[in-house]
Amino acid sequence: MTTDTPGGADNAKSMSIIVTKGSLDWAYPPFILATTAAAMGVDVTMFFTFYGLPLLKKKMDPQITVLGNPAMKMPMMGMHMGMPNIAGMIPGVDGMATTMMKNLIKKKGVASLEDLRDAAVESDVNLIACQMTMDLFEYKLDDMIEGITLGGAATYMENALKADINLFI
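Below, the structure is looked at part by part. In this numbering scheme, every chain counts its residues from 1 along its sequence in written order. Per-residue local features are limited, in this predicted model, to residues with pLDDT of at least 70; the limit for side-chain atom pairs, both in listing and counting, is 80 or more; totals at the level of whole chains, interfaces and linings are taken over all residues. The side-chain numbers reported here are obtained from all heavy atoms of the structure, hydrogens and water having been left aside.

### A closer look at the overall build of the protein
Our working rule: Only DSSP runs of H or I reaching four residues or more are called helices, and only runs of E reaching two or more are called strands; each is numbered from the N terminus. Categorising residues by exposure relies on relative accessible area from a 1.4 Å probe, with only protein chains included: less than 20% of the type maximum marks a residue as buried, more than 50% marks it as exposed, and the intermediate range marks it as partly exposed. By definition, residues are in contact when any of their heavy atoms lie within 4.5 Å. All accessible-area figures derive from a Shrake-Rupley calculation using a 1.4 Å probe, and residue coverage is judged against the displayed protein chains alone.
Along the protein, the regular secondary structure elements total five helices and seven strands. Reading the protein from its N end, one meets helices and strands in the order β-α-β-β-β-α-α-β-α-β-α-β. By the burial criterion, 37% of the 169 residues in the protein qualify as buried. Taking all contacts inside the protein whose residues are at least 6 apart in sequence as the whole, residues at least 24 apart take part in 70%. About 9,800 Å² of surface is accessible on the protein, with carbon and sulfur atoms providing 60% of the total.

As structure tokens, this is what we get:
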């Protein structure tokens, strides 16, 4: 989606996304938005920090937590059934909810997070791992997928200040 202005300057659209959450339900939106934008010719940067950083690990295993998620309603028995917050206190409920969601994703033909992440890499989305978070949680670069860059807030800001769209997810 690159256009030339009368002066001949490149005027490509750009987007930055701060990814701060790594649960299964919070991991989908940034990857879907990033890969869709990249497919539309938008230059995309994703900055993974705090709990979003594990989404860049080679072995990604995001879970769902029902605690504090009152809007979570799963299609079961022909209706949409909500899980009360108190259910999150019961051991095994998060694992059950994660399994149910992964089965629903597969049944409905939704791309896996791994596939979306691979698509982001193949689409040249700039994946930045927050160096401070890497240090804080004692992650090593060897823990992460190939093709990422390390950077901090200044690295993110360099991209965000030029971006047409900035999202915090």
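### Quick word on the packing of aromatic side chains
Rule in force here: Side-chain rings of Phe, Tyr and Trp, where Trp is taken by its six-membered ring, are said to pair if the distance between their centres is within 6.5 Å; with planes under 30 degrees apart they count as stacked, over 60 as edge-to-face, and otherwise as tilted. Whether a charge sits over a ring depends on NZ of Lys or CZ of Arg being within 6 Å of the ring centre and within 35 degrees of the ring normal.
For the coordinates displayed, the defined rule picks out six aromatic pairs. Seen from their ring centres, Phe50 and Phe137 are 6.1 Å apart, and the 85° between their planes marks the pair as edge-to-face. With Phe50 in the loop between strand S2 (43-48) and strand S3 (73-76) and Phe137 in the loop between helix H4 (131-136) and strand S6 (149-151), the pair connects residues that are 87 residues apart, well separated along the chain. By relative accessible area, Phe50 is classed as partly exposed at 34%. Owing to a relative accessible area of 33%, Phe137 belongs among the partly exposed residues under this scheme. On the numbers, 6.4 Å between centres and 65° between planes, the contact of Phe137 with Tyr139 is edge-to-face. Residue classification places Tyr139 among the buried positions, given a relative accessible area of 19%. Following the ring pairs from residue to residue traces out a cluster consisting of Phe50, Tyr51, Phe137 and Tyr139. Residue placement shows Lys21 over the ring face of Trp26; its charged tip is 4.9 Å from the ring centre.

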